[in-house]
Every structure is written in C-alpha cells, then in structure tokens.
Amino acid sequence: MFMISIPVATPSRSYEVLLGSGLLARAGECLGKILENRRAFVITVSPVRRRWAKVLLKSLSASGIETELLEMPDGERWKRLTTLEKLAEKLVKQGADRGVTLIALGGGVVCDVTGFLASIYMRGVDVIQVPTTVLAQVDAAIGGKTGVNLVSGKNLLGTFHQPRAVLVDPAVLETLPSREYCAGLYEALKCGIIGDPGLFRLFEDRRREILDRDPVVVEKVIADSVRLKASVVSADEREGGLRQVLNLGHTIGHALEAETRYTPLLHGEAVAWGMIAATHIALSTGKLDSVTAGRITNSVLGFGRLPRMTWQTASILKRLRSDKKTRQGVVHFILPREIGKVEITSDVPEAIVRSAVDEIRKLARD
Ligand SMILES: NC(=O)c1ccc[n+]([C@@H]2O[C@H](COP(=O)([O-])OP(=O)(O)OC[C@H]3O[C@@H](n4cnc5c(N)ncnc54)[C@H](O)[C@@H]3O)[C@@H](O)[C@H]2O)c1
Ligand SMILES: [Zn+2]
C-alpha cells in the first residue's frame, strides 16, 4: 500500500505525518516502533468509535500493542476542562502510568482534548494523533497546539505538545457528514491560497471530484494541505510570525463565529466568509488584482451554499478590535497578494474593513 511520510521538525520535537488511504488498518505496522512495549489508550467519540475504532484496535492488537478505549462525549461543547478531568480519572483507575501513550481518534475536538490531556497527565505523556475530519487532518492534528474552551471564550486554556506521530487516513472521511466535509475543505483551500498554487488549481479544476470524494483527488488535497501546514509549523512552532499566515480568513471569521454565538456557522464556514472578506480588502487596498480576487472568491463560493445569516457590521468591527490577533488595538489581517502568497498587515483603514464586512453581509443574506 502507498504511504506518504511528511516530516514536521520543530525545536521541541521532530515527527512524521504518515498519510495514505487505508492506513488505519495498518496502524500497528506504522506505529509499532513508537508504541513498542507501551500501553496505549485510544480516546474517541461515539460516531467515530462506531465506524472506525475497531479497524484501529484490531491493527494495533495484531502488532502486539496493548490498547484500551476511552470515550468522551461528542461535540465542541465538551471541549472543556471537566472532560479532561473525567478522562484523567478514568486513566488513573485503569492504572495508566507515565509510560502510556494516548491516541486521539476523532475530529479537532478529540485531537485538542487528547493533546492537552497528554501534555499534563502525570506531567506529560506521549500522544499520537489520528485525525478523522478534513479539518483535523489538514489542521488540528498537526503542529502541537492543544486546548479547551472556557465559558469566556474558545481555546483560552491550552499548551503546545507535539505528537510522536500523526496518522492520516483520508479513507475515513467517507463517513463524514457532508457539511463537515465541506467546512474542512475551506481550510484546505486556504492552504492553497497561502502557499500552494498547485493545490489551489486542484480546487479549480477538480472541484466535482473533490465534492464527490474521489479517493485519489481527496488524498492529493489532504497531502498537499498537510505539507503546507507541516512546513509552516516547522518554520515557526509558536506562532512568532510565519505561522500567522495560517490565519487567513480567521480574523473576520472568528469575529463572525463569536458574533453569531457559534451556532449558524461551522468554523470552516466562518473562515470561508473571512477569506472572501480578506480578498475584498486585498483588492480594495491595491494588493491584489481583480482577476485573482475573482478566482479566490469563486473557489470559495464554488462549494455550494454557505449558511445564510445576518449580523451588524458595527458589532463585527468592535469584536475585531478585541480579537486575539489584535495587538495594542491594531487589527492584523492576512491578505492574499497572489495565489500562493499572502502578506500580514496591520494598516488597513477601518472604512475598508467596514466595506468588506458589508460585502459579505450582503452575500450571506441573499
Ligand atoms: N489545535 C489546532 O491547531 C486546531 C486547528 C484548527 C481547529 N482546531 C479545533 O478543532 C475543533 C473542530 O474540529 P472538527 O471540525 O473536526 O470538529 P469535531 O471534532 O467536533 O468533529 C465534527 C463531527 O464529526 C464527527 N466525526 C469525526 N470524524 C468522523 C468520521 N470520520 N465519520 C463520521 N463522523 C465523524 C465528530 O464526532 C463530530 O460530531 C475546534 O474545537 C477547533 O478549535 C484546532
Ligand atoms: Zn481554522
């Protein structure tokens, strides 16, 4: 079977993203060295357990790896410290010591919770990420950011804890609900806009196959996105500068999510609106030509209908001023310059931001 290995090299750890269709059934072989003589605990959620846990456990046990399964409740609202605490109590009850390895099998929520738990359980144990959503495969599982939400805001508690390995099997995306699938693809498209014109063209030329989940094309989209994320993280583990480029579409995207209380939009969908807004800003400030702006906007809108909703532009502007990416009251934007090249800027006049937010507001209403 075909397997790609993509290196991630950060100052705290170097590891590999192993990627290939059907790899879950070969997890034992792929992870055998890392898990040799170790107890492993797979952490997952019910929809993923039902479809994919058996494949993983069977493969691990065939390679002689002793594995137990722990389940956490499904959904973003369980990305909380209480979930971590409950999982930790279960680990202790089952005799998990400092030598165990946690394996996250699930979407970004499971990856973030498991990574965070691994970073603090008995002052830190190993984690292996096995992401099962598009978003987690191209983003959440790679780079070592972990975290949970507070009532006051998303991802306000967390750590950096690089995994020992990431195992990506695009075949598991087959059971992903289609809205989740598309939402994750916006992050993959984002990778193309930031730094991979070939990946961007794949979205233009093979959109139908991507939407139909053609295995060969999907694997290519995921692999190219992982490469982009891996190279950015390798160059800048802690978001000193370069890693910020991954936030294309997120400045306004986050404000939209917060303003609409995280219900009408999935994260990727908010990023989609944010990318259209960033493109509008880049065009209005003369940083991007209109043909390229049109290509980006068409690609984003080409996935079908984004959920409709409404918001007050003034409230979005207010939220932007208090965003995490705001430093000393200055809002930072990641703006496309051409396909495959972005720029970080802090000098966008508010009138232009306002007009971009108005623009997407109109699109989101029609
Ligand atoms: N750490 C990071 O760098 C990073 C980056 C981006 C996002 N995130 C985090 O990721 C989270 C969002 O992740 P998500 O979009 O994957 O959501 P999610 O983890 O909630 O998964 C979405 C839904 O899909 C289900 N599911 C997962 N895999 C499936 C499969 N193969 N088949 C069927 N159903 C499946 C899940 O059970 C869930 O109901 C957010 O909390 C976000 O903050 C973290
Ligand atoms: Zn994102």
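Residues numbered from 1 in each chain as written. Chains lettered and ligands numbered in written order. Predicted model: local features only at pLDDT ≥ 70, side-chain atom pairs only at ≥ 80, totals over all residues.

### As for the pairing of strand β11 (residues 341–345)
Part 1 of the argument: Judged from the five bridges that link them, strand β10 (residues 333–338) and β11 form a sheet pairing that is antiparallel. Bridge pairing in β11 places Glu338 opposite Lys341.
Part 2 of the argument: What sits between the antiparallel neighbours β10 and β11 is a turn of two residues, in which Gly340 has the positive phi angle 100°. (Pairing = 2+ DSSP bridges. Helix = DSSP H or I, 4+ residues; strand = E, 2+ residues; numbered from the N terminus.)

### Thoughts on the packing of helix α3 (residues 81–93) against helix α4 (residues 108–120)
Part 1 of the argument: Running from N to C, α3 and α4 point in directions that differ by 60°, and their axes come no closer than 10 Å. The pairing of α3 with α4 is recorded here as oblique in orientation. Here α3 and α4 pass one another in a crossing that is right-handed. Across the interface between the two elements, Thr83, Leu84, Leu87 and Ala88 of α3 pack against Val113, Phe116 and Leu117 of α4.
Part 2 of the argument: Tallied by class, residues from the contact of α3 with α4 come to six nonpolar, one polar and no charged. (Axes fitted to C-alpha atoms, helices over the stretch in contact; angles between N-to-C directions. Parallel < 35°, antiparallel > 145°, perpendicular 65-115°, else oblique. Left-handed = near helix turned anticlockwise from the far one by under 90°. Contact = placed C-beta atoms within 7 Å. Nonpolar A, V, L, I, M, F, W, Y, C, P; charged D, E, K, R; others polar.)

### Re the domain arrangement of the chain
Part 1 of the argument: Taken domain by domain, the chain consists of domain 1 (4–175) and domain 2 (177–366).
Part 2 of the argument: Domain 1 and domain 2 are separated by 27 Å when their C-alpha centres are compared.
Part 3 of the argument: The interface is formed by 25 residues belonging to domain 1 together with 25 residues belonging to domain 2.
Part 4 of the argument: If you list the elements that add at least two residues to the side of domain 1 that touches domain 2, you get β1 (4–9), β2 (14–19) and α5 (134–140).
Part 5 of the argument: Here the side of domain 1 that touches domain 2 is built from residues that sort into 17 nonpolar, six polar and two charged. (Domains from an automatic or database assignment.)

### Quick word on the site of ligand 1
Part 1 of the argument: Residues in close proximity to ligand 1 total 28 residues, the closest being Gly107, Gly108, Val109, Thr133 and Ala140.
Part 2 of the argument: Looking at the shell around ligand 1, its residues break down into 10 nonpolar, 10 polar and eight charged. (Near = placed C-beta within 6 Å.)

### As for the environment of Gly195
Part 1 of the argument: Topologically, Gly195 is positioned in helix α6 (residues 178–195).
Part 2 of the argument: Of the residues examined, Gly195 has 22 C-beta atoms within 10 Å and is grouped as buried.
Part 3 of the argument: In this structure the C-alpha to C-alpha distance between Gly195 and Gly115, which are 80 residues apart in sequence, comes to 27 Å.
Part 4 of the argument: Those residues in contact with Gly195 that lie beyond four places of it in its chain are Leu228 and Gly340. (Buried ≥ 20, exposed ≤ 12 C-beta atoms within 10 Å, placed from the backbone.)

### Considerations on the nonpolar core
Part 1 of the argument: Judged by nonpolar contacts, the single largest core of 122 residues is most densely connected at Leu105 and Leu167.
Part 2 of the argument: No other element matches helix α11 (residues 267–284), which puts 11 residues into this core.
Part 3 of the argument: Shared between two domains, this core holds at least three residues of each, these being domain 1 (4–175) and domain 2 (177–366).
Part 4 of the argument: Apart from the residues lying within four places of it in its own chain, the contact partners of Leu167 are Leu18, Leu23, Ala27, Cys30, Leu31, Ile128 and Val130. (Core = buried A, V, L, I, M, F, W, Y, C linked by C-beta atoms within 7 Å.)

### What to know about the pairing of strand β9 (residues 165–168)
Part 1 of the argument: Alternating residues of β9 divide into Ala165 and Leu167 and Val166 and Val168, and every residue in both groups is buried.
Part 2 of the argument: Relative to β9, strand β6 (residues 126–131) runs parallel, the two sharing two bridges. By the bridge assignment, Gln129 is partnered in β9 with Val166.

### A short note on the sheet that holds β6
Part 1 of the argument: Taking strand neighbours across the sheet as the criterion, the seven strands line up as β1-β2-β9-β6-β5-β3-β4 in an open arrangement whose pairing is mixed. In the strand order of this sheet, the two ends are held by β1 and β4 (66–71), each with one partner. Going across the sheet, the axis of each strand differs from the next one's by a mean of 20°, ignoring polarity.
Part 2 of the argument: As defined by bridge partners, strand β5 (residues 101–106) adjoins β6 across six bridges and the pair is classed as parallel. Within the sheet, the bridge partner assigned to Leu102 lies in β6 and is Val127.
Part 3 of the argument: Sheet strands in contact with helix α9 (residues 215–235) are β1, β2 and β9, and its direction is about 20° off that of β1.

### Some thoughts on helix α7 (residues 197–205)
Part 1 of the argument: Among the residues of α7, Leu199, Phe200, Leu202 and Phe203 are the ones counted as buried. The arc that holds every buried residue of α7, seen down its axis, measures 150°, which confines them to one face. Away from the buried face of α7 by more than 90 degrees, exposed residues Gly198 and Asp205 are located. (Arc of directions from axis to C-beta.)

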